[in-house]
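# Topology and contacts: notes
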Amino acid sequence: MPRSCTALLAALCLGAAAHAADTVESPGALEAMKQKAGKMLMAVKPFLVEGAYSQFHPLLQSVRENQYMEPAIPRPEQQAQAEGKLAEWVKQHGGRRPNILILLVDDMGWGDPGAYGGGETLGSPTPNIDALARDGLTLTSAYAQPSCTPTRAAIYTGRLPVRSGLIRPTVQGEVAENAAKEVLAARLLGATGYRTGLSGKWHLGEQAGSFPTDMGFERFFGMLGVVDMYQDWQMSAYSPEITSKPERFAAYKAFHERGDWLMQGVAGKPLERVKPMSLETTANMDQDFAAWSENFIREASADGKPFYLVHAFSKVHFYNIPANGYAGRSPAGTPYRDGVVEVDDIVGRLLKTLKDTGQLENTFVFFTSDNGPEEDSWPDTGHTPFRGAKGTTWEGGVRVPGIAYWPGMIAPGRRSDGLFDLMDLFNTSLALAGAADRIPDDRYVDGIDQSSFLLADDGQSRREIVWMWNQNEFAAMRVQEFKAHYRLYEVDNNNPDALGGLNNSRVITPMNPWFHNLYNDPKERVPKLVEKVWAAGMMNFPLFQHAMTFRVYPNQPALATLQSTLDMMQSE
Ligand SMILES: [Ca+2]
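Residues numbered from 1 in each chain as written. Predicted model: local features only at pLDDT ≥ 70, side-chain atom pairs only at ≥ 80, totals over all residues.

### Describing the nonpolar core
Leu-103, Val-365, Ile-403 and Met-477 are the most contacted members of the largest nonpolar core, which totals 133 residues. With nine residues, the single largest contributor to this core is helix α14 (residues 335-356). Residue contacts for Leu-103: discarding those within four places in its chain leaves His-311, Val-347, Val-365, Phe-366 and Phe-367. (Core = buried A, V, L, I, M, F, W, Y, C linked by C-beta atoms within 7 Å. Buried ≥ 20, exposed ≤ 12 C-beta atoms within 10 Å, placed from the backbone. Helix = DSSP H or I, 4+ residues; strand = E, 2+ residues; numbered from the N terminus. Contact = placed C-beta atoms within 7 Å.)

Here's what the structure looks like:
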């Protein structure tokens, strides 16, 4: 169990450890108090309460059905309707299951697509994304993790990154041994006869053993890391320390050319190098990913098997270098906005390929982004109307666009503020594939099957709570429209208008959780807890149960952080 979980348990045991932080004068005394509380709780036999949460708070609706899966709101009528609809579809299609296409943009802000108020407003129209929204279900409360690797791990495994240990972006050349122990949706779907492919960004480990083709994807074409790490050292605007010194530049270039390539491969064979990562390669690789995905769809269509394809864009993560023909294509004329237009064009291309191959009505499509905008790369960054940005658990960091589309199966024109965590794609994809019984029961699964939310005519979300972790710190939770922060991420003296991001944020522990009603305070500006004691009660029991999940199902070791390394050195 990570240190922060012990702290979380201690906070619950004491009732108000955060309060104690403010009132206990000696830091040593506080630490002793926490340790004592932690030991007391470690002695408690772990237990997860099965049954209705309403027995602990009258406004809670979730029900825990078993030990290893996240409690969900039971909606038996809509589930029966959705299951009947899916069974009928499968019957009409001779027993085949639907294709699954996940369109995962990197760092696109909630406010960027036209369907979310961006588009023309921001000088980058998104007609193809908007068409998905118009003809599908637009989610206003879809949640990612605060950064790239954790979100991808969560989508593929259905588990919070703190459980898999994939808690922060992997860095150049890093081995992510934890990844190999996780069970990805691709592996489970492949075992049921799906063709599985990943096009574009991986970012879950860059060494053999944790490649996508080691982890369950049958085919892969793309980059193992993240775009900026291939770019920054060779851009004089950002790394003059290297570009202005010929010896350094030559040394780094030789290092870079050994490992930094576009790669491709199939399961069971070593990955092959395709193209070195020059700046030109990075500018144009989303076009390469699009061509590969188009081909993947055509081939899968030809052999009649259902497919699971994750199309993971490199854009619009900084540094956006326009692809050939895209410089100035957006009305805004800036590299970021040209990138948005390119992403939208590719969405249109892939949808057209589905149509041309007769797969449009056979395919569940989900469009989303892996975290909020990286505002500290401004102006090369996206837009969110919410507070904070990537790297934080303010809404701006974790609330992302989410559009579900499946003609004939998802009613067009729907919009919903029902909670949807991107982890739910794990359970939902397996349910659509008729493979929910393959979900492993030897580990805790945080995702929830949302297929009835999506497929029933007036379906509602089955998720009541979104857990927000940042690296290995428990940070915040949303219950219905209410949100409590246990850690705050600030970048400029509590100025809500300061740019967020990964560069300069710091963590603050509030005296009491900062509490917001996101309907009347979507920017999370004015904490209001003391006027709503009933709301604190809504948080406590689920939080206790959440803490207990870590006792019953221990985590994998986390990828090292500076703090964990320092802790380890001090404990030796
Ligand atoms: Ca990202």
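### Digging into helix α18 (residues 533-552)
The first and last C-alpha atoms of α18 sit 30 Å apart over 20 residues, in line with the 28 Å expected at 1.5 Å per residue. Every buried residue of α18 is accounted for by Ala-535, Met-538, Met-539, Pro-542, Leu-543, His-546, Ala-547, Thr-549 and Phe-550. Within α18, the buried residues cover an arc of 150° as seen down the axis, which keeps them to one side. Residues of α18 that are exposed and point over 90 degrees away from its buried face: Val-533, Trp-534 and Val-552. (Expected span 1.5 Å × (residues − 1). Arc of directions from axis to C-beta.)

### Thoughts on the environment of Gly-268
By the element assignment, Gly-268 lies in the loop between β7 (261-266) and β8 (272-276). Exposure remark for Gly-268: the 8 C-beta atoms within 10 Å place this residue in the exposed category. C-alpha of Gly-268 to C-alpha of Glu-218: the two residues are 50 residues apart in sequence and 8.6 Å apart in space.

### Some remarks on the packing of helix α5 (residues 127-134) against α14
Close contact between α5 and α14 brings their axes to 7 Å; oriented N to C, the two are set at 55°. In terms of their interaxial angle, α5 and α14 are classed as oblique. From α5, Pro-127, Asn-128 and Ile-129 reach across to α14, where they touch Asp-344, Val-347, Gly-348 and Leu-351. Broken down by class, the residue content of the contact of α5 with α14 amounts to four nonpolar, two polar and one charged. (Axes fitted to C-alpha atoms, helices over the stretch in contact; angles between N-to-C directions. Parallel < 35°, antiparallel > 145°, perpendicular 65-115°, else oblique. Nonpolar A, V, L, I, M, F, W, Y, C, P; charged D, E, K, R; others polar.)

### Here's the deal with the sheet that holds strand β14 (residues 465-470)
With respect to topology, four strands assemble into an open sheet ordered β14-β15-β16-β19, the strand pairing being antiparallel. For this open sheet the edge positions go to β14 and β19 (514-517), each flanked by a neighbour on one side alone. For this sheet, the mean inter-axis angle between neighbouring strands, taken without regard to orientation, is 20°. Sheet analysis places strand β15 (residues 473-479) next to strand β16 (residues 482-485), joined by four bridges and oriented antiparallel. Bridge pairing in β16 places Arg-478 opposite Lys-483. (Pairing = 2+ DSSP bridges.)

### Thoughts on the pairing of strand β11 (residues 399-405)
Most of β11 is tucked away, with seven of its seven residues classed as buried. Of the strand pairs in this sheet, strand β4 (residues 137-143) and β11 are connected by five bridges, and their pairing is antiparallel. Residue pairing in the sheet places Leu-139 in a bridge with Gly-402 of β11. Across four bridges, the pairing between strand β10 (residues 363-369) and β11 is antiparallel. Bridge assignment links Phe-367 to a residue of β11, and that residue is Ile-403.

### Describing the packing of helix α13 (residues 279-303) against α14
Two numbers describe how α13 lies on α14: the axes approach to 9 Å, and their chain directions differ by 15°. In terms of axis orientation, α13 runs roughly parallel to α14. Crossing geometry of α13 relative to α14 is assigned as right-handed. Each of Asp-286, Ala-290, Ser-293, Glu-294, Ile-297 and Arg-298 in α13 lies in contact with α14, whose residues at this interface are Glu-342, Ile-346, Arg-349, Leu-350, Thr-353 and Leu-354. When grouped by side-chain class, the residues that make up the contact of α13 with α14 number five nonpolar, two polar and five charged. (Left-handed = near helix turned anticlockwise from the far one by under 90°.)

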